[in-house]
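Chain by chain, the residues:
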Amino acid sequence: MATSSNDPRAKIDVRVDTPGREGLAGTAPASVYAPPPERDQITIPPDFTAPEAQPLWRQDFPIDWPQDQYVERRDFMKFMVLTSGAFAVGQLWIALQSWWRHRRDPLPGRRIAAVDDIGVGQSLMFNYPGEEDACLLVRLSAAEFVAFSQKCTHLSCAVIPRPDQGVFYCPCHEGRFDLRSGAAIAGPPRRPLPRVVLDVRGGEIFATGVEERTV
Ligand code: FES
């Protein structure tokens, strides 16, 4: 490796001054043989000029770039522990929410429409259980009705019923759900649409609950 003219080791006569001979007459002091500093221990000023040419403020507040970019094992472990902790807390929060939902009192039933209001292959929008919870009722055949939340399980866009294709279509990212089961069948969504439990009696269709499903 080439040595610069400022490097004190350049003055050493390698035939005489070899490691192990430090302190003997005619040899260089032991400090000359000190191993070069590790790469990550070398401080390089941002403008690459000599330390004595650095402005005073930079000497008072040195920026140790190599040290700054050097990630110690402890820092890495700290990062991993914090990230894992945040993930665990998030999972716990979701589990608690789910537990709370199941523990709630049963939802009140609500009339959606009369059977004759919707033809085979047609769909109808309604809100259930809250006024903000948009849902879709679809008549699959003369006696078959299904209803699902209209909120896509990917990023909550509103899905569009396409009975002729047998799917609910999400225009945001091309997600598709099975029209009969609400299962995610294409695109980014992984979870099925929440199913609205229906009760058809006396020529009327009622919503009586919502099934949150994970598969
Ligand atoms: Fe529906 Fe992304 S929001 S596919």
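Higher on the page you've got the structure.
Residues numbered from 1 in each chain as written. Predicted model: local features only at pLDDT ≥ 70, side-chain atom pairs only at ≥ 80, totals over all residues. Heavy atoms only, no water.

## Description of the state of the cysteines
Short version of the rule: Note that a disulfide, as used here, is simply two cysteine sulfur atoms within 2.5 Å. Here a helix means four or more residues in a row that DSSP labels H or I, a strand means two or more in a row labelled E, and each is numbered from the N terminus.
All chains considered together, the criterion is met by one disulfide. Across the disulfide from Cys 157 sits Cys 172; the S-S distance is 1.9 Å. Negative torsions about the S-S bond denote left-handed disulfides, and the value of about -95° found for Cys 157 with Cys 172 makes this one left-handed. With Cys 157 in the loop between β4 (145-149) and β5 (160-162) and Cys 172 in the loop between β6 (167-170) and β7 (175-178), this residue pair connects regions lying 15 residues apart in the sequence.

## Structural notes on the sheet that holds strand β8 (residues 184-186)
To be explicit about the condition: DSSP bridges decide pairing: two strands pair if at least two such bridges lie between them. Orientation is described by lines fitted to C-alpha atoms, with helices fitted over the stretch in contact, and by angles between N-to-C directions that extend from 0 to 180 degrees.
In spatial order, the strands read β5-β6-β7-β8; together these four strands make up an open sheet with antiparallel pairing. With partners counted over all chains shown, the strands left at the sheet margins are β5 and β8, one partner each. On average, adjacent strands in this sheet sit at an angle of 35° to one another, irrespective of strand direction. Sheet analysis places β7 next to β8, joined by two bridges and oriented antiparallel. Looking across to β8, one finds that Phe 177 is bridged to Ala 184.

## With respect to the side chain of Thr 153
Where we set the bar: Polar contacts, as used here, are pairs of N or O atoms within 3.5 Å; protein pairs need one atom able to donate a hydrogen and one able to accept it. Residues neighboring in sequence count only if both atoms are side-chain atoms. Note on contacts: a residue pair is in contact if any heavy atoms of the two residues lie within 4.5 Å.
With respect to the helices and strands, Thr 153 occurs in the loop between β4 and β5. At 2.6 Å, the side chain of Thr 153 forms a polar contact with the backbone oxygen of Arg 191. In contact with Thr 153, other than residues within four places in its own chain, are Phe 177, Pro 189, Arg 191, Pro 192, Leu 193 and Pro 194.

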